[in-house]
Structure formats: C-alpha cells, structure tokens
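# Residue-level structural notes
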Amino acid sequence: MKDLGRVKSKTAFWVLTFFAVAAAGVALRELASNREAAKLFATGARATGRCEALSKRWFSYRFEASGKSFDAHNRPVPREPLQVGQPIEVRYDPADPSRNVSEFEKPAPGGAILLFGFAAAFFAGGLFLLRVGGIPTAYRR
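Residues numbered from 1 in each chain as written. Predicted model: local features only at pLDDT ≥ 70, side-chain atom pairs only at ≥ 80, totals over all residues. Heavy atoms only, no water.

The number of helices and strands found in the protein is two helices and five strands. Moving toward the C terminus, one meets the helices and strands of the protein in the order α-β-β-β-β-β-α. Out of the 141 residues belonging to the protein, those deemed buried represent 27%. At a minimum sequence separation of 6, the contacts of the protein that also span at least 24 residues come to 64%. (Helix = DSSP H or I, 4+ residues; strand = E, 2+ residues; numbered from the N terminus. Buried < 20%, exposed > 50% of the residue type's maximum accessible area, 1.4 Å probe, protein only. Contact = heavy atoms within 4.5 Å.)

Within the secondary structure layout, Ser69 lies in strand β3 (residues 68–76). The exposure class assigned to Ser69 is partly exposed, which follows from its relative accessible area of 40%. Measuring from C-alpha to C-alpha, the distance between Ser69 and Gly49 comes to 9.7 Å, with 20 residues separating the pair along the chain. Excluding residues that lie within four positions of it along the chain, Ser69 makes contacts with Arg62, Phe63 and Glu64.

What follows is about the pattern of salt bridges. Enumeration according to the criterion identifies seven salt bridges in this entry. For Arg99, the salt bridge goes to Glu36, with nearest N and O atoms at 2.5 Å. Of this pair, Arg99 sits in strand β5 (residues 96–102) while Glu36 sits in helix α1 (residues 4–43), placing them 63 residues apart in sequence. Residue Glu89 pairs with Arg46 through a salt bridge whose shortest N-O separation is 3.8 Å. With a gap of 43 residues between them, Glu89 in strand β4 (residues 87–93) and Arg46 in strand β1 (residues 45–54) connect regions that are remote in the sequence. Judged by its relative accessible area of 31%, Glu89 falls in the partly exposed class. Note on Arg46: relative accessible area 60%, which makes it exposed. Residues participating in the shared-partner salt-bridge network are Glu36, Asp93 and Arg99. (Salt bridge = Lys/Arg side-chain N within 4 Å of Asp/Glu carboxyl O.)

This paragraph deals with the pairing of β4. Counting buried positions along β4 yields five of seven residues, so the element is predominantly enclosed. Taken together, the six bridges between β1 and β4 define a ladder with antiparallel strand orientation. Residue pairing in the sheet places Gly49 in a bridge with Ile88 of β4. By the bridge criterion, four bridges tie β4 to β5 in an arrangement that is antiparallel. If you follow Val90 over to β5, its bridge partner there is Ser102. (Pairing = 2+ DSSP bridges.)

It is worth spelling out the sheet that holds strand β2 (residues 58–65) at this point. Pairing is antiparallel in the open sheet, where five strands are placed in the order β3-β2-β1-β4-β5. Strands at the two margins of the open sheet, each flanked by one partner only, are β3 and β5. Each neighbouring strand pair of the sheet contributes to a mean axis angle of 40 degrees, computed without reference to strand direction. Bridge analysis of β1 against β2 gives four bridges, and the strand direction is antiparallel. By the bridge assignment, Arg50 is partnered in β2 with Arg62. (Axes fitted to C-alpha atoms, helices over the stretch in contact; angles between N-to-C directions.)

The following block contains the structure:
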C-alpha cells in the first residue's frame, strides 16, 4: 500500500519549492532594479520633470533631456504627498535618457534580502516536510 503521508509530503515539497523559486526570482529582479536605481542616483544627470498623471497606485512623469521629451509611466506612488503638475527631480543616464528614476524611487535597503529570506524559508519548509512529513508518528525519532 502506498504511503499517502509521503506522497503528500512530496507534493508539499514541490509546492513550497515553486514558491521558493518564485520568491528568489522576484528578489533577483528587485535587486537588479535597486542596483540600476542606485547607479542612476550616484552617476546620472539631473533634470526636473513634472508629474503628469496620478492614480492610487501609480504615477507618471515627463522630463526633458538633450532637447527631447521623455515619459515615465506606471511608477509606484510615493508615501509623500504628490499632485499632478508637481515638479519632480529625475536622474537619468545621459547616454540613454529612457533609463531614469524619480526622486521617489531611491532604493530602500533590505527589500531583496527579505525576499531571499522568504525563498529560503519556503525551501527549508519543503525540505522539512519531505524529511518528516511522511513518517508515521510512531516511527519518528
């Protein structure tokens, strides 16, 4: 007879491994985004833009660089109050102004580390269930 506890443990292991890989992927994307933003804050050229659109979750802005106008859409709304038409400091790559960040997008330290912690916890939980989950209680040491 097949041990259903072991089968359930394997299924739980793979589900938790999936979430671990997903959390690690999001963490890597966050880490790359933070590095890009940090680089632009450190070495990018400055411009003053204006908030063009605002919703509860996103805002858009426009700025000028090298005589051309550039738009940035779907940026997360900052915690500070923001209004349409408000001036916004923008940092951009002079070689490619489409790579830009607003003053509100300064990277917060630790966001990616937290996500990597979740990934590790999911994977460790999966390993634990795989090792212990299918063993009948009477035989556990």
